Amino acid sequence: MGLELPKNPDMDQDNVVNFTDSEIVSHVKDALTSLLSGDSNSYNQLVGVMHHSKQLAPDEVALLETTLKALAGAVSCIDITLHDSLLSAIFSMSLWNYGPHVADALVELIVSLAISNGKYLDLCLGMLVSNFTPPPYFLDKLKLPRGLERKGQVLSRVHAAFKKIADYVPLAPLRLLTMVQQGMPTVYHKDRAILIYVENMLTLESGEIGELVGSTMLMAVVDRLIELDLEIGWDAILQDDFSKGIFEMELEDLEDIVDSAEPDIGEFRLSRKSLAGNSIAELLDNLLVLTFEHLESCERAGRLAKVFETLLRSFLLTVMTAYKSKFTQFVVFYACSLDPENCGMRFAIMLADLFVQDSHPQSTRMSSVAYLASYLSRAKFLSASFISSMLKRLVDWCLEYCNTHDVDINPNAHRVFYSGCQAIMYVLCFRMKVFMDVPRLKSQLLMPLEQILKHKLNPLKSISNIHSIFPVQSQSSIINSFIRPMFVFWSMVKPTYEDAYDDENDDGSSDDDSIQDFANENEDIMNDVGKSFDEQQLDLDEFDCALKKMSITPKNSFGYKFGGRFQEPTRMPSRIRPSTSPESL
Amino acid sequence: MEGLSVADADLVVYLHPSKSSKVSQAILRELSSSLFKFNEAFGGVLLAYDVNILDKQAKILSGVHPYFGVRLKANLLLFSPKSDMLLEGKVVKLSQESIHVIILGFSSAIITAENIRREFKYKTKDNEELFASRSHKRHVIKVGTMIRFLVKR
């Protein structure tokens, strides 16, 4: 068991001496302990080897590897205060800079340190967590084959180290949790380190210590998604003069800033914000891809049900309560689509349960039913029977409410009720075909619905805008590629109403206009045109007129008018980002 | 094994007003969050607890957030090893330099080479690392063995 030591400055140039492992270890131990007695030569040599880490010649690499291995054997002699220069040198080393052998030795040293003394645990875990991300110069190379290879090398060793440490120090994962959360790169970090960091967090979730740290990791990832999501403000997207050409605007403003002390701050801020907005959108897209792929791998491994529970909890806590979450809810949507029988139904049932329970706060219930409506309408993978049973639940609840509240219209006092009605209408509009095809459903749902709508509470008058909580961002190519196959677009539902129109030949010109508008909107929706979002009151007279025709067969104008009228004022349903942004399809 | 003790404690747990609808859940949560951590007040690591809520009424603290304090009586299982106590644990790792032990499934300890009795010799047999006693042939320490050791610090 010999080890060839490279050229030692003390020895003859031609001599190559073989030392055993234990001899080297004791040599290192001596170097460490000699510091106590004031002799720092060998110790300084050691520290020197640690620091000398760039552009290493092969024999220097061998020396480094040997030294690291020896240190691993000598950890009991390392003192945290006495040898702080050595320790700081070790902890500042990055695994990304070295080949597999040195990396192995370094990881071995870190693990030995971590388990030898509680004082080093945090430092060692911190060092490993900092190795989630490569040094700045390496970030660009990540996409290259060599970069990918190095990435695989480093990350596999890092995660294996976590497992080893957890085996010997059972409470280590608890410390790790805190460190990983605190170490998350901040949103505006220029070098996209967050992508690879989140990748590591997801690896932790599915890894060997996943049971201990997994759910916290997942929730932290969703938290970050929401943060980014909310950064992308609708206002930045909907500015009318966005199409002016943001780059031109920016250049102008830059000149302004150079020339004058006080540039037009408003304009500059907009373009800065829009640029930053775009980069954030791109980042969010990439993170969503990571999350979607992770969910797919969970599904393949049969773990999706468990992971879904965590997602649901996270959804309830953060996504549902976030004011204008636009994309993050698709994470749950996608998970549901991967497993419609269990997850898909569970999500809807949970939302419905939330809605009907009095004990929950109003805003939660309203938000919950809005999400439910959007989900039931948009999810292609849900069965018609399930949707109808959910709808029936809503209708029954609303009817019950009507029967127990014999009062007049009052939008503020009965907000939960009105949001429930709104939800029912929304789902009906999208899924009308389903119900028209099955007479039994029609009687089960439409009869009670008629009662509700005719009630004193007058839900239709107070329902203003219907907007989708699962908006389709055609600009977001990532969302499109993952979600598109399972998403019910308005254009798919349109034919239901077009059929209805064909039957009606004696409608007045006003209907023609509305149909035209209607058709136009659908074209618009599928094109990349920015639309402003109108809030308009539903015209009650028109509805009354339609209601009178309700007794006639479904293909008649009721089906058409109800849906058509209902949708027209509200510009169903998408918010589109203008096509001038760099990521346009 | 020394170091384990049961203590009776009178506690007051302060809860956020949002928890007022599910008080017992909040109390259990609060106590659970301090499990397996060293607690100054208790003088040891909390391993387990058994709680009785004393009073239906709780005092509300004045201040920015009206936290309310609930009085409890609790039975606590504490672990507070001191020097010169004998502890038992399971060996998880052996090397020439050290023996790593896990006590009660959560606490890790290390016995360095200089603290291992002279009679034990480090050997590798059939790819298995072990410490064998020179005087008693059958006395062997391997991974998975339960050992008793003295606490140094």
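Note that this is a predicted model, so its numbers are computed, not measured.

Asks: If you had to explain the overall build of chain A to someone new, which residues and values would you point to?
Replies: Regarding its fold elements, chain A presents 27 helices and two strands. Across the 585 residues in chain A, those meeting the buried criterion constitute 52%. Counting only contacts in chain A whose residues sit at least 6 apart along the sequence, the fraction spanning at least 24 positions is 77%.

Asks: Break down the domain arrangement of chain B for me, with residues and values.
Replies: Residues and elements named next belong to chain B. By the assigned domains, chain B splits into domain 1 (4-79) and domain 2 (85-151). Its C-alpha centre places domain 1 at a distance of 38 Å from the equivalent point of domain 2. Contacts between the two partners involve five residues from domain 1, matched on the other side by five residues from domain 2. The three residues of domain 1 that bury the most area against domain 2 are F36, L47 and F79, which together make up 83% of that side's buried surface. Where domain 1 meets domain 2, there are zero salt bridges. For the interface between domain 1 and domain 2, the tally reads zero residue pairs in polar contact (both at pLDDT 80 or more).

Asks: Can you lay out the sheet that holds strand β10 (residues 128-133) of chain B for me, pointing to particular residues and giving the numbers?
Replies: Residue and element names in this part refer to chain B. Read across the open sheet, the three strands follow the order β9-β10-β11; overall the sheet is antiparallel. Of all the strands in the sheet, the pair left with one neighbour each is β9 (120-125) and β11 (140-141). Sheet topology places β9 next to β10; six bridges connect them, and they run antiparallel. Paired with T124 across the two strands is E129, which belongs to β10.

Asks: How would you sum up the interface of chain A and chain B? Please name residues and give values.
Replies: Taken residue by residue, the interface counts eleven residues in chain A and twelve residues in chain B. Interface area, chain A with chain B, both sides summed: about 1,000 Å², of which 62% is carbon and sulfur. A per-residue breakdown of the area chain A buries against chain B is headed by Y168, P170 and L171 of chain A, which together make up 44% of the total. In this structure, the connection of chain A to chain B is made through one salt bridge. A salt bridge links K29 of chain A to E97 of chain B, with the nearest nitrogen and oxygen atoms 2.6 Å apart. Our count for the chain A to chain B interface comes out at one residue pair in polar contact (both at pLDDT 80 or more).

Asks: Outline the pattern of salt bridges, supporting the account with residue identities and numerical values.
Replies: Residues and elements named next belong to chain B. The final tally for this structure, using the stated rule, is 15 salt bridges over all chains. Between R148 and E88 there is a salt bridge, and its shortest N-O distance comes to 2.8 Å. Within this pair, whereas R148 is found in strand β12 (residues 146-150), its partner E88 is found in strand β6 (residues 86-94), the two being separated by 60 residues in sequence. Of the residues examined, E88 reaches a relative accessible area of 26% and is grouped as partly exposed.

Asks: Before we move on, could you go through the packing of helix α2 (residues 41-51) of chain A against helix α3 (residues 58-73) of chain A and cite the residues and values that matter?
Replies: Residues and elements named next belong to chain A. Where α2 contacts α3, the axes come no closer than 10 Å and their chain directions differ by 120°. Of the possible angle classes, the one that applies to α2 and α3 is oblique. Crossing geometry of α2 relative to α3 is assigned as left-handed. Contacts between α2 and α3 involve L46, V49 and M50 on the former and, on the latter, L63, L64, T67, L68 and L71. Counted by class, the contact of α2 with α3 contains seven nonpolar, one polar and no charged residues.

Asks: Lay out the nonpolar core with the relevant residues and their values.
Replies: By size, the foremost hydrophobic cluster in this structure holds 163 residues, and its most contacted members are M50, F162, F347 and F417 of chain A. Apart from the residues within four sequence positions on either side, M50 of chain A is in contact with L64, T67, L68, L71, L86, A89, I90 and M93 of chain A. L87, L94, V101 and F120 of chain B belong to the second largest nonpolar core, which has 20 residues in total.

Asks: I'd like to hear about the sheet that holds β6 of chain B, residue by residue, with values.
Replies: Residues and elements named next belong to chain B. One open sheet accounts for four strands, arranged β8-β7-β6-β12; its pairing is antiparallel. Two strands bound the open sheet, and with one partner strand each, they are β8 (107-112) and β12. Strand-to-strand twist of the sheet, defined as the mean angle between neighbouring strand axes without regard to direction, takes the value 45°. Inspection of the sheet shows β6 paired to strand β7 (residues 98-103) by four bridges, in the antiparallel sense. When the bridges of β7 are listed, V91 appears paired with V101.

Analysis parameters
Residues numbered from 1 in each chain as written. Chains lettered and ligands numbered in written order. Predicted model: local features only at pLDDT ≥ 70, side-chain atom pairs only at ≥ 80, totals over all residues. Heavy atoms only, no water. Helix = DSSP H or I, 4+ residues; strand = E, 2+ residues; numbered from the N terminus. Buried < 20%, exposed > 50% of the residue type's maximum accessible area, 1.4 Å probe, protein only. Contact = heavy atoms within 4.5 Å. Domains from an automatic or database assignment. Buried area = accessible area lost by both parts, 1.4 Å probe. Salt bridge = Lys/Arg side-chain N within 4 Å of Asp/Glu carboxyl O. Polar contact = N/O pair within 3.5 Å; in protein donor to acceptor, adjacent residues only side chain to side chain. Pairing = 2+ DSSP bridges. Axes fitted to C-alpha atoms, helices over the stretch in contact; angles between N-to-C directions. Parallel < 35°, antiparallel > 145°, perpendicular 65-115°, else oblique. Left-handed = near helix turned anticlockwise from the far one by under 90°. Nonpolar A, V, L, I, M, F, W, Y, C, P; charged D, E, K, R; others polar. Core = buried A, V, L, I, M, F, W, Y, C linked by side-chain atoms within 4.5 Å.

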